[in-house]
Amino acid sequence: MDEAVKISAVEMHDLDWKSQLPQMKGLSQTDFPKDVAAMANNGGGLIVYGVNESQKAATDRADVGHFDEGYERALRSAAITAISPPVFGLKVHRLGTEAAQNRAVVVEIAASVDGPHLIYRNELFGAPIRNDSDTVWMKERQIEAMYRARLDERRQATAALDALFNDSSAGRNTGDRAWFIAVAHPRVPRILAHLDRDEARLILQKAVPLALSFAGRGGVHPLESVDVQNPRPGLRRWVAVNTATGERKLWREAWVSVHQNGSVTLATAIGAHQMSRDGYFAGHEVEARAIECAVADFMALTRITADSTGNDGYDVRAGIDWTGTEPLQIMTIDNSGFVYKDVSTPLHRFTPVETSLDARETDAKFRRSVYELARDCVNQGGISNLHLIAMPD
């Protein structure tokens, strides 16, 4: 910021200087929602509070005063409640110190695929957008074009998930055992650098303990059945190949991939798991705990990959692929820990669960996303409660 003032940096379409923060009281009625929506409608950018400007050029620093977590929550809330559709993933950075009287706040708005973002004033509404360094209102044709772009993006996102899901499920022996397939694709792929083998290895290694923090021991974790130490190259991706080989280990088979654009896929055998030293469940019988572990591993991998590749918003699809003749059954455990299926609802088809999430949100919010995805998966089989993934506070 000091350097920006020194060189008299000029406002642009993705940079807006502000000397003071908007008033916290009645925040939704200030220009803050309009400024955020304008940035989101124009590819994202920064709103910097704490810089005086003249003729749109930075002239000197200005202290914005006290800024606490309550103020930060209010900014995030306004971006959600005062803008339609909401602008999620707002990043707020606090800079400077009270002693130096150079406190500043930087609000970072990511590019959005949900435009146009509208601002309502009573019964009127408008769609703001940045025009170089100015904020203006869209004309009717601009709004029409942005709605068309939103619909096109949704079709492309669905096609991307379809391609990932079909690729991950291809060739699996789904007539012998059910397979859990989960894929995640960044809504706006952003690559910081080309992932090399060491970076892919580090992503896989970090995902293992994070997955165990989501769902501990008590089930089969797919990440423990792939080679996280030696990812192999694939088509614009790194693949952690299955290490569960041999007749006695085949029921643990799993495959994982981390793509260069930040996408993540996981495929793991989830039916016909070992139920005792010498016995196995049938191919259509799936333990709910196995689903929880698979979801935990997949979501951990998605979170670490997002952090490593600079992505945040993801579209996610998780499903169970079973083509055998018997209906799919999801089994739970009783109070003594024994597996039973009396409450299971037979499924002739498992409907894939789809959701959108911010993979770089707070730990608490992300854990809720993990819980909700696992819950939606087991609910289809008539199972109400999770046993390994705790309900977030």
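That block above? That's the structure.
The structure presented is a predicted model; accordingly, all values stated were derived computationally and were not measured. (Residues numbered from 1 in each chain as written. Predicted model: local features only at pLDDT ≥ 70, side-chain atom pairs only at ≥ 80, totals over all residues. Heavy atoms only, no water.)

A. Quick look at the packing of aromatic side chains. All told, the structure shown has 3 aromatic pairs when counted by the stated rule. Aromatic side chains Tyr120 and Phe125 sit 5.6 Å apart centroid to centroid with 40° between the ring planes, which places their arrangement in the tilted category. With centroids separated by 6.0 Å and ring planes inclined at 40°, the aromatic side chains of Phe214 and Phe366 adopt a geometry described as tilted. One end of the pair, Phe214, is in helix α5 (residues 197-214); the other, Phe366, is in helix α7 (residues 363-379), and 152 residues separate them in sequence. You'll find Phe214 and Phe366 in the same group, each marked buried. The ring centre of Phe366 lies 4.7 Å from the NZ or CZ of Arg303, which sits over that ring. Across from the ring centre of Phe165, 5.7 Å away, lies the NZ or CZ of Arg317, which sits over that ring. (Phe/Tyr/Trp six-rings, centres within 6.5 Å; stacked < 30°, edge-to-face > 60°. Helix = DSSP H or I, 4+ residues; strand = E, 2+ residues; numbered from the N terminus. Buried < 20%, exposed > 50% of the residue type's maximum accessible area, 1.4 Å probe, protein only. Lys NZ or Arg CZ within 6 Å of the ring centre and 35° of its normal.)

B. Layout of the environment of Asp315. Within the element layout of this structure, Asp315 appears in strand β18 (residues 313-321). Considered as a pair, Asp315 and Ala160 are 155 residues apart in the sequence and their alpha carbons are 9.4 Å apart. A polar side-chain atom of Asp315 sits 2.8 Å from a polar atom in the side chain of Ser356. (Polar contact = N/O pair within 3.5 Å; in protein donor to acceptor, adjacent residues only side chain to side chain.)

C. Highlighting the packing of α5 against helix α6 (residues 288-309). Where α5 meets α6, the axes come as close as 8 Å, and the angle between the chain directions of the two elements is 135°. By the angle class used here, α5 and α6 are oblique. Helix-helix and strand crossings are classified by hand; for α5 and α6 the assignment is right-handed. Between α5 and α6, the residues in contact are Ile203, Leu204, Lys206, Ala207, Leu210, Ala211 and Phe214 and Ala296, Asp297, Met299, Ala300, Leu301, Arg303, Ile304, Thr305 and Ser308, respectively. Along the lines of polarity and charge, the residues of the contact of α5 with α6 split into 11 nonpolar, 2 polar and 3 charged. (Axes fitted to C-alpha atoms, helices over the stretch in contact; angles between N-to-C directions. Parallel < 35°, antiparallel > 145°, perpendicular 65-115°, else oblique. Left-handed = near helix turned anticlockwise from the far one by under 90°. Contact = heavy atoms within 4.5 Å. Nonpolar A, V, L, I, M, F, W, Y, C, P; charged D, E, K, R; others polar.)

D. The arrangement of the pattern of salt bridges in detail. This model, assessed by the stated rule, comprises 28 salt bridges. A salt bridge links Lys18 to Asp16; its shortest N-O distance comes to 3.5 Å. The salt bridge involving Glu354 is made with Arg317; its shortest N-O contact spans 2.7 Å. Linking Glu354 in strand β21 (residues 353-358) with Arg317 in strand β18, this pair joins segments that are 37 residues apart in sequence. Judged by its relative accessible area of 7%, Arg317 is buried. The network of salt bridges with common partners includes Asp114, Glu153, Arg154, Arg187 and Asp315. (Salt bridge = Lys/Arg side-chain N within 4 Å of Asp/Glu carboxyl O.)

E. Quick peek at the side chain of His259. Within the secondary structure, His259 is located in strand β15 (residues 254-259). Judged by relative accessible area, which is 7%, His259 ranks as buried. Once residues lying within four places of it in the same chain are set aside, the contact partners of His259 are Leu164, Leu195, Arg236, Arg237 and Thr265.

F. Local environment of the environment of Thr135. Examined against the element boundaries, Thr135 turns out to sit in strand β11 (residues 134-137). Counting along the chain gives 100 residues from Thr135 to Asp35, while the straight-line C-alpha distance between them is 7.3 Å. With sequence-adjacent residues up to four places away left out, Thr135 is seen in contact with Lys34, Asp35, Ala38, Pro128, Ile129 and Arg130. There is a polar contact of 3.3 Å between the side chain of Thr135 and the side chain of Arg130.

G. Structural context of the sheet that holds strand β12 (residues 179-186). Within the open sheet, the 7 strands sit side by side as β13-β14-β15-β16-β12-β18-β21. Their pairing is antiparallel. Here the strands that pair on one side only, and so sit at the sheet edges, are β13 (232-234) and β21. Across the sheet, the mean angle from the axis of one strand to that of its neighbour is 20°, orientation sign disregarded. Across the sheet, α7 lies against β12, β18 and β21, angled at about 180° from β21, the strand it touches most. (Pairing = 2+ DSSP bridges.)

Geometric descriptors of this kind do not, in isolation, establish any biological role.
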